[in-house]
There are 2 protein chains.
Amino acid sequence: MEIIKGGICAATGFTAGGIHCGIRKNKTKKDLALIFSEKKAAAAAVYTTNLVKGAPLVVTKNHIADGFAQAVICNSGNANTCNANGIEIAEGMSKLVAEAMNISENDVVVASTGVIGQPLDITPIKNGMEALKASLGNNSEDAAEGIMTTDTVLKEIAVSFTVGGKECKIGGIAKGSGMIHPNMATMLVFITTDCAISPEMLQKALSSDIKNTFNMVSVDGDTSTNDMVTVLANGMAGNEEITSDGEAFDTFMKALNTITVHLCRMIAGDGEGATKLLECQVNGAKTEDIAKAVAKSVICSSLTKAAMFGADANWGRVLCAIGYSGADVDVTKIDVSFISDKGEILVCKDGAGVDFSEEKAKEILLEKEITTKIELNDGEAKATAWGCDLTYEYVKINGDYRT
Amino acid sequence: MEIIKGGICAATGFTAGGIHCGIRKNKTKKDLALIFSEKKAAAAAVYTTNLVKGAPLVVTKNHIADGFAQAVICNSGNANTCNANGIEIAEGMSKLVAEAMNISENDVVVASTGVIGQPLDITPIKNGMEALKASLGNNSEDAAEGIMTTDTVLKEIAVSFTVGGKECKIGGIAKGSGMIHPNMATMLVFITTDCAISPEMLQKALSSDIKNTFNMVSVDGDTSTNDMVTVLANGMAGNEEITSDGEAFDTFMKALNTITVHLCRMIAGDGEGATKLLECQVNGAKTEDIAKAVAKSVICSSLTKAAMFGADANWGRVLCAIGYSGADVDVTKIDVSFISDKGEILVCKDGAGVDFSEEKAKEILLEKEITTKIELNDGEAKATAWGCDLTYEYVKINGDYRT
């Protein structure tokens, strides 16, 4: 497997584009993205478990019920959620794409992100459709820009891999960066591949993958109303279609996982206001569920997040977060270390503090990527979760988001 | 019932005091408190459900297993938690009080609050015992000061009430203000009363009360390792001892609830970095559990808390938090209003936005106490939760708490 350029346009047959159509006031920010596949593609998706669901998710679910799609439209600046006419607008967006691209509106994935509860005017999207279509090309970055909200960096990745002697490519784009605490679903992520795989196996791969990737990310504990990941697979790599478990499926899963882990880390590291990417590795758990519960509890703790912002080795807060995680652990067996590019330092052994150099700890914690390693010494299961620190900037961004 | 002065010294037979003994570096801050009852008192307590439990809680639980206690010692500046010699130190503190006050060490409630995982040196406490004993008097405020950590205001309250023709008094002190997300337990609260009530009924009253009071408060989602509420009832009011359900018990419950609700609101309003007390009232739920889950989810949402800091009527975040609460609600029936001393404004009706004056909303949200009123229109059950806004100051306090 090799990391390649091109993002969601890396896979054969996919083009993408993005424009500013006028949903956002700031004209320098793109607010509309389109992804298009030359051939109809197998489609899979997972959605937020929030009971308050964005209208676009409802429409998308209907459209890909048959397992296929050919285009994705996504706007930023407005979530089209909690609006009386939300479904109508989401269907209107699909229809505009169908007409422009000469495909069925049932083959359009539609997504929106931004403020909740403000009616979305379809006029700028309608007026922008021609320009949006014209923007299609090898322009993954434009599409990635078009779906950004408070993100500070564009999120894309692609890899190549081989299935049955044929070179396949898979790539993805994502947007964070607040209201992120996925629960059997995730944030907005669009993945494209030219690998031939049946809709059923594509959905199986995605549903399985997110349990250890997007569902293990938290920026702020708030599960969004508009979370969604979709994968389109158009089969243009020419490999024999993957229709069952086996070596080819495993290879595809591995490629998909490379994309999703990369995007998870980018989303966590670019969480609203974040200065650091935090990773929590839990080892030696009795079960995977225990390992996951511990990892997520530590990643979600406001106190641990604030301590990391201050590069403060306050491991007592890590123990505290493990203790209230609800997971069945033996506190007296727990070891905790902090790791970064500057080294590793053990701060807690058997549930109690050890003497350690505060100076060395500070040096380690001043880095941009910090791993909290927790050894439960209670079994073989493990899990990893990702998040970010809690900063002044998070408060600033969210103290007045709408204006 | 009448609000009276005196805090934990309002009830007959109780004295209290507080000193700086040297656990904290800052000599202007008291760090040791003592509460004493002339007569042995019925004792009840509830503790944190965090698996990581402070050593003082373990010792206290043993000491009041027989239902009685006569003194409370509490230090701030160090939680005496996750230390190899924690139990020994907590027992040592009890012994010092027992010797000084000439009571059994089994009648001492011991509590600690502050940083986790740093050994607590008993020397300053030992050296301070004489001064601590000498500080005993009608000094509820000194004790309240002695247990403060990052609290900015002292928290005390007392009321008088009548049971069987006898005037009784009940008072309490509390400390917040971070790591507060009680779960079948609470923060540090000490309550004293001269009402005569059996240990069993006292425990019943406390365990029942906290479900709707301390368990409905959240400052930051982190359930502390050292949470505890204790009530001492010394019977010196001379009423006939309450030993069963009935009118007298109901009167006592009402007085207790007045104390606990007041302290809840004080703890929430003085949450770390807080500029506002937030209350969430949920009405019209199918069950009380649903009402509670919704109220706590809204109070705990970082995004809602940050919006309130910015006085931003971003009701979409309220809907979002209801949606991921896990509670069974019909989103299309939900109404949301914001209320303060400046009035009430409806911002969401039947799960969708309504036209409202942003100017009026801003005026309402700029106040210091804000209520988010949620009408589920789905039944008769209701619940209230308390919390605070998320501010720059919270991040500052917790970015470098240990130094």
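Relevant structure appears above.
Residues numbered from 1 in each chain as written. Chains lettered and ligands numbered in written order. Predicted model: local features only at pLDDT ≥ 70, side-chain atom pairs only at ≥ 80, totals over all residues. Heavy atoms only, no water.

Brief notes about the relation of the copies chain A and chain B
For the pair chain A and chain B, the best superposition has an RMSD of 0.0 Å and corresponds to a rotation of 180 degrees with a translation of 0.0 Å parallel to the axis. This pairing of chains is accounted for by a two-fold axis. Closest approach to the rotation axis within chain A is made by the C-alpha atom of A:Tyr392, at a distance of 2.5 Å. Most of the interface of chain A is mirrored in chain B, where 100% of its interface residues again form contacts. (Least-squares fit on C-alpha atoms with pLDDT ≥ 70 in both. Contact = heavy atoms within 4.5 Å.)

A word on the interface of chain A and chain B
Across the contact, 52 residues belong to chain A and 52 residues belong to chain B. At the junction of chain A with chain B, the criterion picks out zero salt bridges. Connecting chain A to chain B are four residue pairs in polar contact (both at pLDDT 80 or more). Elements with a contribution of two residues or more to the side of chain A that touches chain B: helix H8 (302-309), helix H9 (315-323), strand E14 (352-353), helix H10 (358-365) and helix H11 (392-399) of chain A. Here the residues of the side of chain A that touches chain B are counted per class, giving 25 nonpolar, 17 polar and ten charged. (Salt bridge = Lys/Arg side-chain N within 4 Å of Asp/Glu carboxyl O. Polar contact = N/O pair within 3.5 Å; in protein donor to acceptor, adjacent residues only side chain to side chain. Helix = DSSP H or I, 4+ residues; strand = E, 2+ residues; numbered from the N terminus. Nonpolar A, V, L, I, M, F, W, Y, C, P; charged D, E, K, R; others polar.)

A closer look at the packing of helix H1 (residues 55-63) of chain A against helix H2 (residues 86-101) of chain A
All names here are of chain A. Packing of H1 against H2 brings their axes to within 8 Å, and their N-to-C directions diverge by 55 degrees. When the interaxial angle is binned, H1 and H2 end up oblique. In the crossing of H1 with H2, the sense of the turn from one axis to the other is right-handed. For the pair H1 and H2, the contacting residues are Ala55, Pro56, Val58, Val59 and His63 in the first and Gly86, Ile87, Ala90, Glu91 and Ser94 in the second. In terms of residue class, the contact of H1 with H2 is made up of six nonpolar, three polar and one charged. (Axes fitted to C-alpha atoms, helices over the stretch in contact; angles between N-to-C directions. Parallel < 35°, antiparallel > 145°, perpendicular 65-115°, else oblique. Left-handed = near helix turned anticlockwise from the far one by under 90°.)

Details of the packing of helix H7 (residues 288-300) of chain B against helix H9 (residues 315-323) of chain B
Residues and elements named next belong to chain B. Packing of H7 against H9 leaves a shortest axis separation of 8 Å and a crossing angle of 130 degrees. With respect to their mutual orientation, H7 and H9 come out oblique. Relative to H9, the crossing made by H7 is right-handed. Along the contact surface, H7 presents Val294, Ser297 and Val298, while H9 presents Val318, Ala321 and Ile322. When the residues that make up the contact of H7 with H9 are grouped by side-chain class, the tally is five nonpolar, one polar and no charged.

Points about the pattern of salt bridges
Residues and elements named next belong to chain B. Under the defined criterion, the tally for this structure stands at 30 salt bridges over all chains. Two residues, Glu344 and Lys373, come together in a salt bridge whose shortest N-O distance is 3.1 Å. Of this pair, Glu344 sits in strand E13 (residues 343-349) while Lys373 sits in strand E15 (residues 369-375); the two residues are 29 residues apart in sequence, bridging distant segments of the chain. Under the relative-accessibility criterion, Glu344 is labelled partly exposed at 44%. Taking the relative accessible area as the measure of exposure, Lys373 reaches 25% and is therefore partly exposed. (Buried < 20%, exposed > 50% of the residue type's maximum accessible area, 1.4 Å probe, protein only.)

A word on the sheet that holds strand E13 (residues 343-349) of chain A
All names here are of chain A. Across the sheet, which stays open at both edges, the seven strands sit in the order E9-E16-E11-E15-E12-E13-E14 with mixed pairing between neighbours. A strand with exactly one partner marks an edge of an open sheet, and here the two such strands are strand E9 (217-218) and E14. Two strands pair when backbone bridges link them, and strand E11 (residues 277-285) and strand E15 (residues 369-375) are joined in this way by seven bridges, in the parallel orientation. Its bridge partner being in E15, Leu278 is matched across the sheet by Ile370. Relative to strand E16 (residues 381-388), helix H7 (residues 288-300) is tilted by about 20 degrees, and along the sheet it contacts E9, E11, E15 and E16. (Pairing = 2+ DSSP bridges.)

Quick word on the environment of B:Ala196
All names here are of chain B. Structurally, the position occupied by Ala196 is in the loop between strand E8 (188-193) and helix H5 (199-210). When its relative accessible area of 9% is taken as the criterion, Ala196 is described as buried. As for Ala196 and Ala41, which are separated by 155 residues in sequence, their C-alpha atoms are 8.8 Å apart. When neighbours within four sequence positions are excluded, Ala196 is seen to be in contact with Gly235, Asn239, Glu240, Glu241 and Ile242.

Examining the packing of aromatic side chains
Residue and element names in this part refer to chain A. Going through the model one piece at a time under the given rule, you end up with five aromatic pairs over all chains. Relative to Tyr392, the ring of Phe309 lies with its centre 5.4 Å away and its plane at 90 degrees, an arrangement referred to as edge-to-face. Of the two residues, Phe309 sits in helix H8 while Tyr392 sits in helix H11, which places them 83 residues apart along the sequence. By relative accessible area, Phe309 is classed as partly exposed at 24%. (Phe/Tyr/Trp six-rings, centres within 6.5 Å; stacked < 30°, edge-to-face > 60°.)

Here we look at the pairing of strand E10 (residues 228-233) of chain B
All names here are of chain B. Burial within E10 is extensive, with six of its six residues counted as buried. Side chains of E10 alternate between two faces, with Met228, Thr230 and Leu232 and Val229, Val231 and Ala233 buried alike. Sheet analysis places strand E3 (residues 32-47) next to E10, joined by six bridges and oriented antiparallel. Opposite Tyr47, over in E10, you have Met228 as the bridge partner. In this structure, E8 lies alongside E10, joined through six bridges in parallel fashion. Within E10, the residue paired with Phe190 across the bridge is Thr230.

Description of the side chain of A:Ser301
Mapping A:Ser301 onto the fold places it in the loop between H7 and H8. Side-chain polar atoms of A:Ser301 contact the backbone nitrogen of A:Thr304, separated by 3.0 Å. The residues contacting A:Ser301, other than those within four sequence positions of it, are A:Ala321, A:Tyr324 and B:Asp222.

Observations concerning helix H3 (residues 123-134) of chain B
All names here are of chain B. Taken together, the buried positions of H3 are Pro124, Ile125, Gly128, Met129 and Leu132. Down the axis of H3, the sector holding all buried residues measures 155 degrees, keeping them to one side. Seen from the buried face of H3, the exposed residues on the opposite side, beyond 90 degrees, are Lys126, Asn127, Glu130 and Ala134. (Arc of directions from axis to C-beta.)

A short note on the sheet that holds strand E14 (residues 352-353) of chain B
Residue and element names in this part refer to chain B. Strand order in the open sheet formed by seven strands is E9-E16-E11-E15-E12-E13-E14, and the pairing between neighbours is mixed. The open sheet is flanked by strand E9 (217-218) and E14, the only strands paired with a single partner. Looking at chain direction, E13 and E14 are connected through two bridges and run antiparallel. Within the sheet, the bridge partner assigned to Lys349 lies in E14 and is Ala352. Together, strand E12 (335-340), E13 and E15 form the strand contacts of helix H10 (residues 358-365), whose direction differs from that of E13 by roughly 125 degrees.

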